Amino acid sequence: MLRRTLLATAAAAAMATTAFGAEHAEKTKVGFIYVGPIGDGGWTYEHNKGRLAVEEEFGDAVETVYQESVPEGADAERAITQMALSGADLIFTTSFGYMDPTIAVAEKFPDVKFEHATGYKRADNVSTYSARFYEGRAIQGHIAGKMTETNKIGYIASFPIPEVIRGINSAYLHAKKVNPDVEFSIVWAYTWFDPAKEADAARALIENGADVILQHTDSTAPQAAAQEAGGIITFGQASDMSEFAPLPRVSSIIDDWAPYYIARTRAVMDGTWESTDTWDGIGPGMVGIGEISDAVPEDVKAEALAMKDAIASGEYHPFTGPINKQDGSVWLAEGEVADDGTLLGMDFYVEGLTGEIPN
Amino acid sequence: MDLSSISPILLIASIMISATPILLAAIGEMVVERAGVLNLGVEGMMITGAVVGFAVAINTGQPALGFAAAALAAALLSLSFGFLTQVLLSNQVATGLGLTLVGLGLSSLIGKPYEGMKTPTLPKLDLGPLSDLPVLGRMLFSHDIMVYLSLVLVAAVWAFLKYTRAGLILRAVGESHDAAHALGYKVVRVRMAAIFFGGACAGLGGAYLSLVRVPQWTEGMTAGAGWIALAIVVFASWRAERVLIGAYLFGGVTVLQLNLQAAGAAVPVALLSASPYLMTILVLVAISARGTHGAPASLGQPFHAIQ
């Protein structure tokens, strides 16, 4: 017992943020595991905004802790375990690569609730949640297809996981729809956050003729590289990145986690928390579309906003047939809409995309 | 596979830019290690240089001042490492790792107000007729001054270690501090000077990241570049000219694989990314098979003068 207490104390002390959990047992303690630094200006920045919203909503009734730049993989398990040991009641693990570590730690702490972002493995005390980023990608694809002059669109992808592949497919389908000549160059950076590498990737794409850069990595470095090169358009990823508006950033996908984080924290406080699977899009507001800048022609902007409304109301689904897979086989027949199961496990390109998905 | 969209001219130009930060950090660390000190805090000094350089460049509007401040700040930080390891004789590995942690934390603290800001960047140097050469001009002679400075630095370090008396003393201190001490050389002082130089170089490398290569400030933006610099020193078996080769190889592979992907070539990405590290291991195996490993004999050992 003594050793256990000792461990807990040590873990609390080692935490990057101050932890007074032990003395304030009545407080609900909410922990966050981040894949990058809060200052990335993208993915982690938005999760942290969600955390701050939780603090603001509940004031003294909650206490939040977080740890930044936790590597995906074995080290994540240690970080999550430490957080659980330090008395957290609810822990959000905010990257795909934390899936197995989260499940493993959850088994050891049945009384702690876990929420894993963008994964698909659940347990009695593990929920999953994600946003339908592909809805935003459809709008980006539309604007990109309309605005490209070289007909080459560069895409900085992170890891070959379904979430990223969905985004590529969605953007490509909608760019192709308005511009049949469009081509996608996809660069796999194998990182969520490495500004130098992201900037290099953007530069490589630009040097290879791309004049639109889409990114699925977390930092604003590709925006800066595009701005330096000039004549390039980009989209903010995960966060608005409005400091790069009106050019190169012409619009953005914004993740809004605050309502979800508040709702889940409340559920833990009043004991109604259950393991659930949440996947919300533009409609419920989990995915926001950043202001479309004046660099986009009026008509394109109007079309993009119309598409946003149609997606929000459920009238239009970005994956509506006819859509073939890359090998030419039929995926969705005319008018057919993709089911969530296929989307969640998406491991194929749609017809027209070149190259192979690395594995 | 269509590789025609890759322009070799732009590719080589990109490689030079991409290699410069790690080249600067690695050449500095090599001098430190030749003096017998293992400073694992390169990452921390680089990121300190990145943030200080960025902040000063923004506040003064002068990127050159940014670089100077970055070198100074990182060098001062490295002196804390020097004081702990050389005067108080703390463990070099642990202190170096601590330096990295301090640098990362300090930089995010200093950098908070500068997130999302834009900096004046270094102008491309106009080398007159050289820059106007048809192919070579764009490839080699239209970079900013830091690219050339890093190359000059490598040559200077090489000449210093090989031809000067001071270079000989530095190497003697690294090979056998006891013998150097017995001959009357000030071991600790030499090492402190080397550590200071290594810090300044790492700071320049970091500032090059935040002022030229990216160019912006983002928390944690070095993302492991300091560790690559350390690997390059080993890869180079502690020789200046090989540090140059190593840094350009690392930079080259990174840029090349991104370009190959952008051009749509079917390359095994993971293998290419790992290739510099694989090569380091191969070089190490080759060196140890040959029997001599080129590492300074007193590397990482504490020196305590006995009166």
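Each value, and the rule that gives it
- Residues numbered from 1 in each chain as written.
- Chains lettered and ligands numbered in written order.
- Predicted model: local features only at pLDDT ≥ 70, side-chain atom pairs only at ≥ 80, totals over all residues.
- Heavy atoms only, no water.
- UniProt positions renumbered as here; feature names shortened; annotations may be inferred.
- Helix = DSSP H or I, 4+ residues; strand = E, 2+ residues; numbered from the N terminus.
- Rg over C-alpha atoms; globule rule 2.2 N^0.38 Å.
- Buried < 20%, exposed > 50% of the residue type's maximum accessible area, 1.4 Å probe, protein only.
- Contact = heavy atoms within 4.5 Å.
- Areas by Shrake-Rupley, 256 points an atom, 1.4 Å probe, with all protein chains shown as cover.
- Lys, Arg positive; Asp, Glu negative; His and termini not counted.
- Charge placed at Lys NZ, Arg CZ, Asp CG, Glu CD.
- Pairing = 2+ DSSP bridges.
- Right-handed = clockwise from strand over helix to strand, strands pointing away.

- With an unreviewed UniProt entry as reference, chain B is termed Nucleoside ABC transporter membrane protein, source organism Roseivivax lentus.
- Under the UniProt heading Subcellular location (unreviewed entry), the note attached to chain B is "Cell membrane".

- Within an unreviewed UniProt entry, the label attached to chain A reads Nucleoside-binding protein, and the organism entered is Roseivivax lentus.

## What about the overall build of chain A?
Right, on to step 1. What chain A contains, in helices and strands, is 11 helices and 14 strands.
Right, on to step 2. Relative to the compact-globule value of 21 Å for 359 residues, chain A shows a C-alpha radius of gyration of 21 Å, a close match.
Right, on to step 3. Considered along the principal axes of its C-alpha atoms, chain A spans approximately 70 × 45 × 35 Å.
Right, on to step 4. With 359 residues in all, chain A has 60% of them scored as buried.
Right, on to step 5. Taking the intrachain contacts of chain A between residues at least 6 apart in sequence as the baseline, contacts between residues at least 24 apart amount to 66%.
Right, on to step 6. Within the structure as shown, chain A displays about 13,700 Å² of accessible surface, and the carbon and sulfur contribution to it stands at 51%.
Right, on to step 7. Positive and negative side-chain charges of chain A, numbering 26 and 54 respectively, have mean locations separated by a distance of 4 Å.

## Things to note about the pairing of strand E6 (residues 152–157) of chain A
Residue and element names in this part refer to chain A.
Right, on to step 1. The buried fraction of E6 amounts to 6 of the 6 residues, a majority that puts the element mostly inside the structure.
Right, on to step 2. Neither face of E6 is open: one carries Lys152, Gly154 and Ile156, the other Ile153, Tyr155 and Ala157, and all of them are buried.
Right, on to step 3. Alignment of E6 against strand E7 (residues 183–188), held across 6 bridges, turns out to be parallel. Of the residues in E7, the one forming a bridge with lysine 152 is glutamate 183.
Right, on to step 4. For the segment spanning E6, helix H6 (residues 162–178) and E7, crossover handedness is right-handed.
Right, on to step 5. Where E6 and strand E8 (residues 212–215) come together, 4 bridges link them in parallel fashion. Paired with tyrosine 155 across the strands is leucine 214, a residue of E8.

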